[in-house]
Amino acid sequence: MSTAKHRMRDKKMRNQPINVTYSSQGSSHWRNGGGTPTGRGHDLSPHPWGHGSSHSGHAQGGGWVRGHQREGHGGYPQALPTHITASAFAKARAAEVNAMLMAVTKTTGSSHVFGGLPKHMRRRAMSHNTKRLPCRLRDMANNMAGQKMKKEQSKSKSRKARRRHGNMLLEFNRRQRKNLWLETHIWHAKRFHVVKRWGYCLGDRPTYKCYRACYRAMSSHCLLQDMSYYCCVELQGPGEQLLAALSKCVVPAGPTFAAAMCVSGRRQGSVVVYRAGQYPLQPLGPVTFLWRPTTQGRGGQEDQGSQGSTHRQLWIWAHPTMKTDLLPELQAVCQCSEAVLPPAPVDLPVPQPAPTPTLAPGPGAGPEAAQTSGSGSKRKWSSREPEAAGPPAKKLLGYSTISATTPVTWRSSTTGIVISDLTMEMVRYRLIGPLSHSVLTETLAPATHTDATGKSRPSPFWWPDHCRDDCNMSLHQQQAGVFNMLRGVYSTAEVPAGSVLGLTVDDPRLTLPNKRSKAVTWSYGTMPSVVSGVNEERRRELMLKGIPEPLSQSSLWDRSVRDNVTHNKMTDQEVNRLRNDVLVPGSRLPTPLQGRVPVLLVQQSGKSQGTEMGSWGAGWDLLLPKAWGMAFWVPLVYRGVRIGGLRMSLKHTQNKGEPHFPHDYPDCPAGARFQEEQEAELLAKFRRRPPAKRTNYIKHGCLAPFRCPWQQLVEEWELIVKEEEGGGGEDAVVPMEQEVTPPQSNFTVLRNRKSLRQLSAWCRPTSSKCQRARNPGSTPQLNRNVAASLLSSHGGSSLVWIRLSLVTKGQPEQHALVCVPTAEDLQLVRKEPGCTGPQEPLHTDHFKSRVKRPRKKDHNKPGTSSSSSANLTNPSSSCTSALTLGLWPEPLPSVTSHCSRVTLGWVTQGDFSLSAGCGEALGLLSLTGLLHTLLRQPDGQRGLVLLRNPGSLQYRFAKINIEV
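Thresholds, definitions, all that
- Residues numbered from 1 in each chain as written.
- Predicted model: local features only at pLDDT ≥ 70, side-chain atom pairs only at ≥ 80, totals over all residues.
- Heavy atoms only, no water.
- Buried < 20%, exposed > 50% of the residue type's maximum accessible area, 1.4 Å probe, protein only.
- Helix = DSSP H or I, 4+ residues; strand = E, 2+ residues; numbered from the N terminus.
- Pairing = 2+ DSSP bridges.
- Contact = heavy atoms within 4.5 Å.
- Axes fitted to C-alpha atoms, helices over the stretch in contact; angles between N-to-C directions.
- Phe/Tyr/Trp six-rings, centres within 6.5 Å; stacked < 30°, edge-to-face > 60°.
- Lys NZ or Arg CZ within 6 Å of the ring centre and 35° of its normal.

1. Observations regarding the pairing of strand β5 (residues 200-206)
Argument step 1. Within β5, six of the seven residues are buried, which leaves the element mostly enclosed by the surrounding structure.
Argument step 2. Across six bridges, strand β4 (residues 192-197) lies against β5 in antiparallel orientation. The partner of valine 195 across the bridge, within β5, is leucine 202.

Here you go:
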């Protein structure tokens, strides 16, 4: 018998009684209380079972032999015992019974209860599903599973219970306590990769391939985005006090909140906000603002704007990462330190089907009959009332999930200004593309008038009271006329940028088409009579002068109207009942009194900088009251728009050549926080890869592949210029051995338009194909005196926003290096215009030996682990443990002179541009380094730089474009 079988036999017979012995000749003597006829039992050598058995029953005479053996071959004896002792026999049998019971009840190894089953009945599925075991063993298996099985049994309810209306509302409200959900979150969660950013759950990119389709939509049709995560801050008070306070936070000689076209309410403005009195240092970021028009047509309705022209109302829209910096700054400059506690929540009645006559069960039945009838329906209207102590009857939208005692309003007793946080109180959709106006005109319909009967009776809805004033209805008709004129506009870019149009529309769910179709523009031969009858002069005046100031007014500015529209919104179930009761399928549904919604349409300008792709990416922003998000989202989707997420929003600004917040604002607090988070994310992703599959950035000469040390860059360039002025020579650079510890960040991005125009002319900006150049005009010629004057006015710690276009093939990546070409590089590109560029020599990784792990045999030796880590190199063991293979440790050496080409800056966005047909990148360069480079380049090759990706050694020539 083999050794494995012996071990198995010994394990099974470990607890067997020692009552049978074997002789070396093969005969056995039973120690069971009896004796043999020969009486030679004392001469036999005892061998207990499992302790003296040999490997082969035929090789030796003694030992246990498996199977029945014939006589003469070590088999069973022929003689039986002559007598039996009762006590000894019972004792031997009792020991055998005990051994048998122990073998049956004891679990073996990891088998647990499966040891009680024959091998042919054991299944692998029994280990995780006890229902596959026999009934007699299930209880034992459940007891052995213990607490884990108990948790799984009480983990969740059944699907039927979870899909109940009240439980779904509880789950909806619970899951957005930490990260807020937009009203379109569930729609996006089914079709997008959702990420948690800035306290929200936002759609990043679709789950299907649509990158080129989204670009085509932005270029030729329409792309839809949900921008409701942007924060809105409302300021109310005397106009003079508002302008005086806000003037401290903007550029003195640049765009301000007091622009003539914006302060009237006709246009939307945009500025870069700074800390009070700190310009050009400490910027906070860009914001867009919208003033409420001063011209009122509200008649007798109570309105803050009717108190006088000095009382104004302002909305400021900012990115959510900027809110923590902007809101305290506004409170400081407006002296609004007194917090106003929000009013106690009012329990509003649940909407009943009584206001809608078509929901009654019969022609003569009233509300009581509507509740008692319909016994065949699955859910009755009367079933909502008894559940007063149950789950809430509505979803908690927006900031309704925060504590009721959290203040969202602050006032000032000295200036009379009131600041309110309107975050998530309004829905904002952005439509990008030349046919955005066509999508809006097909989706929205101006609100219909209500009947004149019953004007004396008060209405719970806002629209009947609004229609009682003739001035309001006249204003509504003018707004509807301008909105209808938009149907005859060929492109969205024809309307002046920033134009604002107020409007009241019907519920778009009432006009939802049966099938999804694509909205197209109307030619003059196919226009309906309602559009073709409009005077052509009025349409031309609209495109030249924009929307008149009175037509920018909207009831959306009134909080009472917004709350009324939000709480009286018809549910989808009620709309479906209306659609079911209509006589002719597909016809327009009757508009109920609660089906009028005030909106605001704001025109968004396209590409306004540079000479290429003018007005590309223009569109409209649609502002709605809270809770009406999906009611407008689905009708817009049914008009054939494409949906974009955060990634497509980044590509939109990249194609426009504009900086994207907070990615491209490193001098702002939000931009600095974003870069830290991005570095941590990229570093964690890099470390998750196996060491053999990582890119060794040290060998590629890349000091910081996951971030851009801007402060160290501007300081080193200031040192280079000072050394040259002191006689250090033209090629003076910071020594590579010098390690720079960056102090507190004090660099800024140059945003002065006059200085940017000069730099743009000196760089000779051309198109991506180098086909045309801008006329420099009256720009002074570049020389050392002009460059020194520009540096002295803005300081050496400034960065310049630039756009790079590759001359040949290549695709720039994020954090790519922008370097200065040498004289040999410029001579090479002059001789061979299509050359790819020089290559960076491979660097040596001096830290590779420090990161190597000790060998396995060293781990087995006692004391070698500590000695080997201590004897690695000169650095301490703590520094050695922080090293990562392929990355430079902190502090970094000189970032300008580390490579064979001097570094000017880095790329923040880079990709292949579908609009230009070549690789394009956006980034920031040192102002000192840029002027230093332009002064030493020939006139025909000014603005030519080298670009190299972090994981590549190949340099590629690129052209600098500074678009203003």
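2. Topic: the sheet that holds strand β6 (residues 223-226)
Argument step 1. Overall, mixed pairing links the six strands, which are arranged β15-β16-β17-β14-β6-β18 in an open sheet. The two strands at the open ends of the sheet, each matched to only one other strand, are β15 (500-506) and β18 (642-643).
Argument step 2. In terms of strand pairing, β6 meets β18 through two bridges, oriented parallel. Bridged to leucine 224 within β18 is isoleucine 643.
Argument step 3. Sheet strands touched by helix α20 (residues 629-637): β6, β14 (426-432), β15, β16 (596-604), β17 (619-625) and β18. Its angle to β14, the strand with the most contacts, is close to 15°.

3. Section: the packing of aromatic side chains
Argument step 1. With the rule as written, the count across this model stands at 18 aromatic pairs.
Argument step 2. Relative to tryptophan 633, the ring of tryptophan 187 lies with its centre 5.5 Å away and its plane at 70°, an arrangement referred to as edge-to-face. Here the residue tryptophan 187 occupies a position in helix α7 (residues 185-189), and tryptophan 633 occupies one in helix α20, the gap between them amounting to 446 residues. Just as tryptophan 187 is buried, tryptophan 633 falls in that class too.
Argument step 3. Both rings, one in tyrosine 429 and one in tryptophan 633, keep their centres 5.1 Å apart while their planes meet at 65°; by these two values the pair is edge-to-face. Pair noted here: tyrosine 429 is in strand β14 and tryptophan 633 is in helix α20, with a separation of 204 residues, a long-range link.
Argument step 4. Relative accessible area serves as the criterion here: at 0%, tyrosine 429 is assigned to the buried category.
Argument step 5. Looking at tryptophan 633, the relative accessible area reads 0%, which means it is buried.
Argument step 6. An aromatic cluster of at least three residues, connected via ring pairs, comprises Trp198, Tyr200, Tyr229 and Tyr230.
Argument step 7. Residue placement shows arginine 901 over the ring face of tyrosine 955; its charged tip is 5.5 Å from the ring centre.

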